[in-house]
Number of protein chains: 2
Amino acid sequence: MATRVALKASAARPDLTSVLEDKGYRVTGPRLNIIRLLGKKNEGFSAEEINYALPGVGRATVFRTLKLLLGANVICKLTTRDGGVKYSLARVEHHHHTVCVKCGTVGDFRDVTIERLLRTLGDEIQGQIVGHRIEVDVVCPSCQKASRN
Amino acid sequence: MATRVALKASAARPDLTSVLEDKGYRVTGPRLNIIRLLGKKNEGFSAEEINYALPGVGRATVFRTLKLLLGANVICKLTTRDGGVKYSLARVEHHHHTVCVKCGTVGDFRDVTIERLLRTLGDEIQGQIVGHRIEVDVVCPSCQKASRN
DNA sequence: CAGGGCTATGAGACGTAGTATCATTAGTGT
DNA sequence: ACACTAATGATACTACGTCTCATAGCCCTG
Ligand SMILES: [Mn+2]
Ligand SMILES: [Mn+2]
Ligand SMILES: [Zn+2]
Ligand SMILES: [Zn+2]
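### So, the sheet that holds strand β5 (residues 128-139) of chain B
Strands in a sheet are paired, the pairing made by backbone hydrogen bonds, and the direction either parallel or antiparallel.
And step 1. Spatial ordering of the open sheet is given by β4(A)-β3(A)-β5(A)-β5(B)-β3(B)-β4(B), a layout of six strands whose pairing is mixed. Every interior strand has two partners, whereas the edge strands, β4 (106-109) of chain A together with β4 (106-109) of chain B, have only one. The mean angle between the axes of side-by-side strands here comes to 25 degrees, regardless of whether they run parallel or antiparallel.
And step 2. As paired elements, strand β5 (residues 128-139) of chain A and β5(B) share eleven bridges and run antiparallel to each other. Residue pairing across strands places D137(A) opposite G131(B), the latter belonging to β5(B).
And step 3. Across the sheet, helix α5 (residues 112-119) of chain A touches β3 (96-100), β4 and β5 of chain A together with β5 of chain B, and the angle it forms with β5(A) is around 140 degrees.

### Observations concerning the coordination of the zinc ion (ligand 3)
All names here are of chain A.
And step 1. Taken together, the protein ligands of the zinc ion (ligand 3) are C100 (SG), C103 (SG), C140 (SG) and C143 (SG), with distances of 2.2 to 2.4 Å.
And step 2. Seen from the zinc ion (ligand 3), its four donor atoms lie at angles of 105 to 114 degrees, and the figure they make is tetrahedral.
And step 3. For the zinc ion (ligand 3), the donor residues sit on a single chain with the sequence spacing C-x2-C-x36-C-x2-C. Separated by 43 residues along the polypeptide, C100 in strand β3 and C143 in helix α6 (residues 141-147) bring together distant segments of the chain.
And step 4. Residue classification places C143 among the buried positions, given a relative accessible area of 13%.

### Considerations on the coordination of the manganese ion (ligand 2)
Each pair of donors in an ideal octahedron of six around a metal sits at 90 or 180 degrees, and each pair in an ideal tetrahedron of four sits at 109.5 degrees.
And step 1. Summarising the metal site, the manganese ion (ligand 2) is bound by the protein donors C76(B) (SG), H95(B) (NE2), H97(B) (NE2) and D108(B) (OD), whose distances to it range over 2.1 to 2.6 Å.
And step 2. For H97(B), a relative accessible area of 6% gives the class buried.

### Focus on the interface of chain A and chain B
Accessible area lost when the parts come together is the quantity often used to give the size of an interface.
And step 1. On the chain B side, the residues contacting the 32 residues of chain A number 32 residues.
And step 2. Carbon and sulfur atoms make up 58% of the surface buried where chain A meets chain B, a total of about 2,800 Å² over both sides.
And step 3. Linking E135(A) and R133(B) is a salt bridge whose minimum nitrogen-to-oxygen distance equals 3.5 Å.
And step 4. Residue assignment for the side of chain A that touches chain B shows that the elements contributing at least two residues are α5, β5 and α6 of chain A.
And step 5. Looking at the side of chain A that touches chain B residue by residue, the class counts come to 15 nonpolar, ten polar and seven charged.

### Quick notes on the layout of surface pockets
And step 1. Looking at the second largest pocket, its volume works out to about 160 Å³.
And step 2. Taken together, 13 residues form the lining of the second largest pocket, with Q126(A), T98(B), T105(B), V106(B) and G107(B) sitting closest to its centre.
And step 3. At the level of elements, β3 (96-100) and β4 of chain B are the ones that each hand at least two residues to the lining of the second largest pocket.
And step 4. Sorting elements by how many residues they give to the lining of the second largest pocket places β4(B) first, with four residues.
And step 5. The residue inventory of the lining of the second largest pocket, partitioned by class, reads seven nonpolar, four polar and two charged.

### Section: the protein's contact with DNA strand C
And step 1. Neighbouring DNA strand C are 21 residues; T28(A), T61(A), R64(A), R59(B) and K77(B) lie closest to it.
And step 2. Here, DNA strand C places atoms within 4 Å of the protein, and 56% of those atoms are sugar or phosphate.
And step 3. Between R64(A) and DNA strand C, the recorded distance is 2.6 Å, taken from a side-chain N or O atom to a base nitrogen.
And step 4. At a separation of 3.0 Å, a phosphate oxygen of DNA strand C approaches a polar side-chain atom of Y87(B).
And step 5. For the surface near DNA strand C, the secondary-structure elements that each account for two or more residues are α2 (29-40) and α4 (59-71) of chain A together with α4 (59-71) and β2 (85-89) of chain B.
And step 6. Top element by residues in the surface near DNA strand C is α4(B). It accounts for five residues.
And step 7. The class makeup of the residues in the surface near DNA strand C is eight nonpolar, four polar and nine charged.

### Some points on the pairing of strand β1 (residues 75-79) of chain A
All names here are of chain A.
And step 1. Summarising the sheet, β1 and strand β2 (residues 85-89) pair through five bridges and their orientation is antiparallel. By the bridge assignment for β2, K77 is matched with Y87.
And step 2. Two successive antiparallel strands, β1 and β2, enclose a turn made up of five residues, where G83 displays a positive phi of approximately 85 degrees.

### Focus: the relation of the copies chain A and chain B
And step 1. Of the transformation superimposing chain A on chain B, the axial component is 0.0 Å and the angular component is 180 degrees, with the fit at an RMSD of 0.1 Å. Interpreted geometrically, this transformation is the action of a two-fold axis. The position closest to the rotation axis in chain A is occupied by the C-alpha of I134(A), lying 2.2 Å away.
And step 2. Of all interface residues in chain A, 100% are interface residues in chain B too; the two copies therefore contact each other through one and the same surface.

### Here we look at the packing of aromatic side chains
Between two aromatic rings, the relevant description is the distance of the centres plus the angle of the planes.
All names here are of chain A.
And step 1. According to the stated counting rule, one finds two aromatic pairs over all chains in the structure shown.
And step 2. Consider the rings of F45 and Y87, whose centres lie 6.1 Å apart with planes at 20 degrees: the pair is stacked. Taken together, the positions of F45 in the loop between α2 and α3 (47-53) and Y87 in strand β2 put the pair 42 residues apart, joining distant regions of the chain. Just as F45 is buried, Y87 falls in that class too.

Parameters and conventions
Residues numbered from 1 in each chain as written. Chains lettered and ligands numbered in written order. Predicted model: local features only at pLDDT ≥ 70, side-chain atom pairs only at ≥ 80, totals over all residues. Heavy atoms only, no water. Pairing = 2+ DSSP bridges. Helix = DSSP H or I, 4+ residues; strand = E, 2+ residues; numbered from the N terminus. Axes fitted to C-alpha atoms, helices over the stretch in contact; angles between N-to-C directions. Contact = heavy atoms within 4.5 Å. Donors = N, O, S within 2.8 Å, 3.2 Å for Na, K, Ca; no water. Tetrahedral: all angles 85-135°; square planar, octahedral: opposite > 155°, others 65-115°. Buried < 20%, exposed > 50% of the residue type's maximum accessible area, 1.4 Å probe, protein only. Buried area = accessible area lost by both parts, 1.4 Å probe. Salt bridge = Lys/Arg side-chain N within 4 Å of Asp/Glu carboxyl O. Nonpolar A, V, L, I, M, F, W, Y, C, P; charged D, E, K, R; others polar. 1 Å grid on protein atoms, 1.4 Å probe; cavity = no way out; pocket = protein on both sides within 12 Å on 5 of 7 lines; lining within 4 Å. Points joined across faces, edges and corners; volume = space filled by probe spheres on them. Near = heavy atom within 4 Å. Polar contact = N/O pair within 3.5 Å; in protein donor to acceptor, adjacent residues only side chain to side chain. Least-squares fit on C-alpha atoms with pLDDT ≥ 70 in both. Phe/Tyr/Trp six-rings, centres within 6.5 Å; stacked < 30°, edge-to-face > 60°.

Structure (structure tokens):
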């Protein structure tokens, strides 16, 4: 058996890059850089944050790529209570978000009951339902702990 | 009895102005102008729209007053699917919104089941729930009709 | 491997939504 | 009438994006 050849240093998670190929987009340097960075994020993040972390990549390209990944359901975008914007990695298909009102940490959740309920909401609602957004404001466990001091 | 002195021309609906007094805010000209205008709005509106309609009132004051009315639950603010912002008169206490994805018309609804459900969501969710936002994207009846042509 | 064509990029202008600063104005209580 | 304070408007500034346009880089075909 041949000696294992070193992979291209720190390759991105193939599942994320394949998203580009699947949709016929080119796998370019800037896009790879952004995707690699996102792969490391466990918290919500802002576009400016990505832009700042990747000085070689133009701001417009950051926004363009985020939009692209948004369309591929790789990331999600949400509006916080104070009108701010947050992106976060999408780990499950359709889901909703909790946002800590103290520290801004984003959590994902999915409740089938709510989904079903919203679908049967047709009686109370004018028109045909084509989508929805739910955001739940929380005080996260660690902020709860911190404020108990 | 003295001749009735002409009231300050076109007084605003007292219910809306009293909101200011109740909270200890001054009832000023600019605020009255904005409130009067809002009283006539049956659709959602933007801050710039108000600003444009009231050239005598500064843009900052428009935003300041909207924020104030937001705090008094006189109006509500929502984010549309495409990231735009809409304000609309609040006719019921706590409620949610439908937004037509074609024409942007805002509707209000309130479903007690959802409220109850969200409150009992605590098991699936990290942290203590302190609020929520729900927006439902719809195609409104008139846009449905229009697209059937 | 040279073109050619199209996609993607970066710089920067521009747009919209909103806040901060600050000098001035105008309600309000006495 | 006066003084105190809240409110205002002009203007600068921030956040979040989009648009334009000249340039660069994939990628296919000959
Ligand atoms: Mn998510
Ligand atoms: Mn409403
Ligand atoms: Zn927190
Ligand atoms: Zn419509």
